[in-house]
Amino acid sequence: MSWDKAAITGVGTSRMGKFPGVTSNQLAKEAFVNALGDAGIPKDEIDGLITMPGTTSPEGAKHYLALGELLGINPRIAWSISMGGATVGTLVTQAALAIEAGMASTVAVVFGDAAKTGGSRFGAAAGDDDSWGIWGMFGNAANSAIAASRHMAVYGTTSEQLGWVGVTMRKHAALNPNAIMREPFTIEDHQNSRMIVDPLHLLDCCLISDGAVAIIVTSPERARDNATHPVRIMGMGQAHSLQKLEKEDWWYMPHQREAIFDAYRMAGVGPTDIDVAQLYDNFTISVLLWLEHAGFVKPGEAGPFVEGGERITLGGELPVNTAGGNLSESYMQGWLHVVEGVRQMRGECGPRQVPGAEVTLVTGRGMTLNTSAALVLGR
């Protein structure tokens, strides 16, 4: 029996790419207006606002104040949180729980960033308290490169297998008119792309983009009166590993499995019930780890599973990141994975639609590989 006490009734995105002179909050407003239009509701129905500040948002934890003023709303509940790529799953969860508790009736969950034009650096030291930089380990690519190297050493995973994830995500993006990168590439192109942090090549790495996403969460009863078919929030999960280098298996991020299986239990489903998966892909190795954590394959089997791309592509055993993901659609810190999950459940994806899809898994991870969140969405 799934949870089903809240639903997603609207999703909206801004333009994606590089937009000099446009602020993150202006992009967020664009996404918010589009989400309202998608749901078919006026903004005065929004009585909750939960936001994630972008890397270029100067307000930080007070981001909801500036964005709420720009949007022209006065919500009953409001706050801002940043947990990297795990944020969207966490904020959708908070919105759903607030609705169940009667604290709000319709909540807008919003993220906007101008990272591309704002000069955000994802390869720099984390700050004054960063103790990793003294070892030459700077930024997210270095963290995931260690995970990839260890997976290769323990399980025999190859760079070419990682490359098939990138090739397949680009294949899906070619079917998405909103994707930033749509030009197909081959496994040879992947292997010949320059090394970023060994063993991760350029084509193992996600995009950096300007853009915004808004998601409208409400009760199932209220959602039935809106313009679009509501998408059920069947299950939710979070898990964190706040200890890092002192844990021998930190690189494998075992807490991600906990987040997913908590969501499975709440939804009353298991791996075999998932029709399509939107797996957070800041790097290609991330997809391999998610496949193992979600129980689609056993530990160490993800490399052979993705090889050739047939199993994770449209028409395969488990279509993954059907809009192109962070690797090719746009890097919105995992927010677009929820949007694509919603659209797949509505049957709105045109040539990339998974026929008969009824359940989707959406995952996210962030910070120094130590936060994770998962959602199970249903028709």
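- As annotated in an unreviewed UniProt entry, the chain carries the name Thiolase family protein and is attributed to Protaetiibacter mangrovi.

Topic: helix α10 (residues 284-293)
- Here α10 lies mainly inside the structure; ten of its ten residues are buried.
- Thr284, Ile285, Ser286, Val287, Leu288, Leu289, Trp290, Leu291, Glu292 and His293 are the residues of α10 that are buried.
- Positive phi appears at glycine 295, one or two residues downstream of α10, with a value of about 80 degrees.

Overview of the side chain of glutamine 161
- Along the chain, the position of glutamine 161 falls in helix α6 (residues 159-173).
- A distance of 3.0 Å separates a polar atom in the side chain of glutamine 161 from the backbone nitrogen of threonine 158.
- Polar contacts involving the side chain of glutamine 161 include one to the side chain of glutamate 307, which spans 3.1 Å.
- Ignoring any residue separated from it by four or fewer positions in sequence, one finds glutamine 161 in contact with Gly156, Gly303, Pro304, Val306 and Glu307.

Examining empty space enclosed by the protein
- Under the criterion given, the structure shown has two cavities of 30 Å³ or more.
- Around the largest cavity sit Gln278, Asn321, Ala323, Gly325, Asn326, Glu329, Leu336, His337 and Glu340, which together line it.
- Counting residues per element, the ones that place at least two in the lining of the largest cavity are α12 (325-328) and α13 (335-346).
- Looking at the lining of the largest cavity residue by residue, the classes come out as two nonpolar, five polar and two charged.

Brief notes about the sheet that holds strand β4 (residues 106-114)
- With mixed pairing, the nine strands of this open sheet are ordered in space as β3-β2-β4-β7-β1-β8-β11-β10-β9. Strands at the two margins of the open sheet, each flanked by one partner only, are β3 (77-80) and β9 (276-278). Taking each pair of neighbouring strands and ignoring which way they run, the sheet shows an average axis angle of 25 degrees.
- For strand β10 (residues 359-366) and strand β11 (residues 371-378), the ladder comprises eight bridges, and the chain directions are antiparallel. Bridge pairing in β11 places glycine 364 opposite alanine 373.
- Packed onto the sheet, helix α9 (residues 255-267) meets β8 (231-240), β10 and β11 and runs at close to 150 degrees relative to β8.

Rules used in this analysis
Residues numbered from 1 in each chain as written. Predicted model: local features only at pLDDT ≥ 70, side-chain atom pairs only at ≥ 80, totals over all residues. Heavy atoms only, no water. Buried < 20%, exposed > 50% of the residue type's maximum accessible area, 1.4 Å probe, protein only. Helix = DSSP H or I, 4+ residues; strand = E, 2+ residues; numbered from the N terminus. Polar contact = N/O pair within 3.5 Å; in protein donor to acceptor, adjacent residues only side chain to side chain. Contact = heavy atoms within 4.5 Å. 1 Å grid on protein atoms, 1.4 Å probe; cavity = no way out; pocket = protein on both sides within 12 Å on 5 of 7 lines; lining within 4 Å. Points joined across faces, edges and corners; volume = space filled by probe spheres on them. Nonpolar A, V, L, I, M, F, W, Y, C, P; charged D, E, K, R; others polar. Pairing = 2+ DSSP bridges. Axes fitted to C-alpha atoms, helices over the stretch in contact; angles between N-to-C directions.

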